Amino acid sequence: MLLRLPTSLPEVHACMAQGAVPIGGATLAWATWQRDGFPEQSMSLRNLPEANTLASGELGAAVLLSEIDDRVPEVLHRAAASIGTGAVRRTATVGGNLIGSTLRCLLPAALVLDARAVTVESGATYETDLAEVIAKQHLLLRLMWHTPTASCFYKQPTGPGGPPPVVVAAAVHTVAHGRGILRVAVRNGYDVVSEHTAHTADAGEALRALRQTEIGTLQEAAWTAVRREVTDLLDRVGRS
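Quick look at the structure, then.

What counts and how
- Residues numbered from 1 in each chain as written.
- Predicted model: local features only at pLDDT ≥ 70, side-chain atom pairs only at ≥ 80, totals over all residues.
- Heavy atoms only, no water.
- Helix = DSSP H or I, 4+ residues; strand = E, 2+ residues; numbered from the N terminus.
- Buried < 20%, exposed > 50% of the residue type's maximum accessible area, 1.4 Å probe, protein only.
- Contact = heavy atoms within 4.5 Å.
- Polar contact = N/O pair within 3.5 Å; in protein donor to acceptor, adjacent residues only side chain to side chain.
- Salt bridge = Lys/Arg side-chain N within 4 Å of Asp/Glu carboxyl O.
- Expected span 1.5 Å × (residues − 1).
- Arc of directions from axis to C-beta.
- Axes fitted to C-alpha atoms, helices over the stretch in contact; angles between N-to-C directions.
- Left-handed = near helix turned anticlockwise from the far one by under 90°.
- Nonpolar A, V, L, I, M, F, W, Y, C, P; charged D, E, K, R; others polar.
- Pairing = 2+ DSSP bridges.

Turning to the environment of T128, a few remarks are in order. Tracing the sequence through the fold places T128 in strand 7 (residues 124–129). Note on T128: relative accessible area 5%, which makes it buried. In this structure the C-alpha to C-alpha distance between T128 and L143, which are 15 residues apart in sequence, comes to 9.9 Å. The residues touching T128, leaving out its near neighbours within four places in the chain, are R116, A117, T119 and V133. Side chain to side chain, T128 and E132 meet in a polar contact 2.7 Å long.

Listed below in structure tokens is the structure:
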């Protein structure tokens, strides 16, 4: 297998035109390749500047999970820190987790940030919503978002070999005229549900609104985690 390491977007376009397979998520795809055969050419974005950004409002697809720090919102930082072991985080990337993984622990965090995705497809670079990128398996360059007022992340403790742990992410965003939006995303099994409601200082009111959405129909363990995280987050925003 020939590994291509483009350093510019024109080189990325050329690699894709020549059939190079993006290698994001290779830590998960390796066993499949060993069974079914390796592609003739693969491509890593680790040397591409546009895929290595790490700032307050954007995160590149080639950034290692271990490199994600407090330059990004708390919800995204904590989500990255919750994934695997230190050894896994030193090799796994943002793009690999979002596109190459079935668990996608970063996805709830990205959804509550209302993140947009910058992707490469058919020789062009464009911005789109994250759901489309995951559904169509586009080549992800980076995520972009507006920094929230506050955010939080919870991952249910579990032992090895069990079902996927419940993940809850939440964020409060300020919009025009002092109004706000509360965004909540839950991974329940392998499915991720995302909802939003008006931000209110009354946690009970926010939870009653969420109870009327798909999040309110989740199993009790997931709803209990949502109730706790939302209450704590709104209390923290109210005290700030």
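What follows is about the environment of G57. Position of G57 among the secondary structure elements: in the loop between strand 4 (54–55) and strand 5 (58–60). Considered as a pair, G57 and L3 are 54 residues apart in the sequence and their alpha carbons are 30 Å apart. Apart from the residues lying within four places of it in its own chain, the contact partners of G57 are L143, M144 and W145.

Even without being a glycine, R104 presents a positive backbone phi close to 50 degrees. Along the chain, R104 turns up in the loop between helix 5 (94–100) and helix 6 (106–112). A relative accessible area of 18% means that R104 is categorised as buried.

Right, let's talk about the pattern of salt bridges for a bit. In the structure shown here, the tally under the stated rule is nine salt bridges. For the salt bridge of E74 with R236, the shortest nitrogen-to-oxygen distance reads 3.3 Å. Highlighted residues: E74 in helix 3 (residues 74–81) and R236 in helix 9 (residues 220–239), separated in sequence by 162 residues. For E74, a relative accessible area of 30% puts it in the partly exposed group. Of the residues examined, R236 reaches a relative accessible area of 31% and is grouped as partly exposed.

Bringing helix 9 into the picture now. Helix length check: helix 9 (20 residues) gives 29 Å between terminal C-alpha atoms against 28 Å at 1.5 Å per residue, within 8%. Residues of helix 9 that are buried: A222, W223, A225, V226, E229, V230, L233, L234 and V237. Each buried residue of helix 9 lies within a common arc of 155 degrees when the element is viewed along its axis, so the set occupies one face. Facing away from the buried side of helix 9, by more than 90 degrees, are the exposed residues G238 and R239. Packing partners of the buried residues in helix 9 comprise strand 9 (150–155), strand 10 (167–174), strand 11 (180–188) and helix 8 (203–211).

We now examine the packing of helix 8 against helix 9. With their axes 9 Å apart at the nearest point, helix 8 and helix 9 run at an angle of 145 degrees to one another. Viewed along their axes, helix 8 and helix 9 form a crossing whose handedness is right-handed. Contact residues: helix 8 offers A203, A206, L207, L210 and R211, while helix 9 offers E220, W223, V226, R227, V230, T231 and L234. The residue inventory of the contact of helix 8 with helix 9, partitioned by class, reads eight nonpolar, one polar and three charged.

Turning our attention to the pairing of strand 10. The element strand 10 is extensively covered by neighbouring structure, given that seven of its eight residues are classed as buried. Pairing between strand 9 and strand 10: six bridges, direction antiparallel. What sits directly across from A150, in strand 10, is V172. Relative to strand 11, strand 10 is paired through eight bridges, and the arrangement is antiparallel. Paired with T174 across the strands is G180, a residue of strand 11.

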